[in-house]
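# Summary of structural features
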Amino acid sequence: MVSEAFPCLNRTIVKYDGTSALNSAFQQWIQLDSIVLSWIQSTISQEILQAILRPNHSLTSGVAWLEIKRLFHDQVSSQTLQLKVQFHNLKKGDLSINDYVHRLKSIADALISIENPISETELVLQILSGLPPDCMSVSTSISTRVTLLSFVETRSLLFLHESQLNNFSQTNSDVFPTALVAKQQSLSHGRGHGRHQNGGRNSTNN
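Attention in this report is confined to the structure presented alongside it.

Parameters and conventions
Residues numbered from 1 in each chain as written. Predicted model: local features only at pLDDT ≥ 70, side-chain atom pairs only at ≥ 80, totals over all residues. Heavy atoms only, no water. Helix = DSSP H or I, 4+ residues; strand = E, 2+ residues; numbered from the N terminus. Phe/Tyr/Trp six-rings, centres within 6.5 Å; stacked < 30°, edge-to-face > 60°. Lys NZ or Arg CZ within 6 Å of the ring centre and 35° of its normal. Salt bridge = Lys/Arg side-chain N within 4 Å of Asp/Glu carboxyl O. Buried < 20%, exposed > 50% of the residue type's maximum accessible area, 1.4 Å probe, protein only. Axes fitted to C-alpha atoms, helices over the stretch in contact; angles between N-to-C directions. Parallel < 35°, antiparallel > 145°, perpendicular 65-115°, else oblique. Left-handed = near helix turned anticlockwise from the far one by under 90°. Contact = heavy atoms within 4.5 Å. Nonpolar A, V, L, I, M, F, W, Y, C, P; charged D, E, K, R; others polar. Core = buried A, V, L, I, M, F, W, Y, C linked by side-chain atoms within 4.5 Å.

With that settled, consider the environment of Ser141. The topology assignment puts Ser141 in helix 6 (residues 136-143). Residues Ser141 and Leu157, 16 residues apart in the sequence, show an inter-C-alpha distance of 10.0 Å.

This is the structure:
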């Protein structure tokens, strides 16, 4: 069965007189193993079941369990590789700080769920490495500290920096149209004043 405490027994035993006889304990083992195997087969997907079935129908619960463990290990290894590639390649780009940090944290949580955790230090450093040039000042400030900030502290500072950048951009966008209108009004006033002076000189000459 699944537990190594119940290994498969011999089908026959040798009696004291040297003759062979059917091992009654083996029959009991077969019955118990069949129950466990049926339970395993009823709890796995059809795809996994097809992957572990043996051509000669010699599948036992122990063999089935080992095959499932192998399949799971292979799947976890593949998932780990994919997630780590995503983790190290993700850049902020056009994402907001919230979306960018959330995606990295989600990948880190997924790695934890398959028992391949990313440390908080790795998470913070990866967040910083994927930031664009306009975040260089805050990135340098965080990474050069004697004690690296926690994930929550890093996220808070990045939120603050993003908010300041947005406010600065909004201020500039408000100031530029105002300055442009003022310049146009000044030029218009200057042209009008010039025409008035020219008109005055012409009337004097007449």
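Summed over all chains, the structure comprises zero aromatic pairs. Across from the ring centre of Phe151, 5.9 Å away, lies the NZ or CZ of Lys105, which sits over that ring.

The subject of this paragraph is the pattern of salt bridges. Tallying each qualifying case throughout the model produces three salt bridges. Residue Glu67 is joined to Arg70 by a salt bridge in which the shortest nitrogen-to-oxygen separation is 3.0 Å. Here Glu67 and its partner Arg70 are both found in helix 3 (residues 61-89), three residues apart, which amounts to about one turn of the helix. By relative accessible area, which is 40% here, Arg70 ends up partly exposed. Asp74 serves as the salt-bridge partner of Arg70, at 3.4 Å between the closest nitrogen and oxygen. Here the residue Arg70 and the residue Asp74 both occupy positions in helix 3, the gap between them amounting to four residues, near one helical turn.

A word on the packing of helix 3 against helix 4 (residues 97-113). Geometrically, a packed helix pair is captured by the angle between its two axes and the distance between the axes. Axis separation between helix 3 and helix 4 bottoms out at 10 Å; the angle between their running directions is 155 degrees. Taken together, the axes of helix 3 and helix 4 are roughly antiparallel relative to one another. Helix 4 is crossed by helix 3, and the crossing has left-handed handedness. Listed contacts from helix 4 to Thr80, Leu83, Lys84, Gln86 and Phe87 of helix 3 are Leu104, Ile107, Ala110 and Leu111. The class makeup of the residues in the contact of helix 3 with helix 4 is six nonpolar, two polar and one charged.

Counting 25 residues, the largest nonpolar core has Tyr100, Leu104, Leu123, Ile127 and Leu131 as the members making the most contacts within it. Counting only elements with at least two residues in this core, the list comes to helix 3, helix 4, helix 5 (120-129), helix 6 and helix 7 (151-205). Apart from residues lying up to four places away in sequence, Ile127 is in contact with Tyr100, Val101, Leu104, Phe151 and Leu158. Counting eight residues, the second largest nonpolar core, distinct from the first, contains Leu37, Ile52, Leu59 and Ile68.

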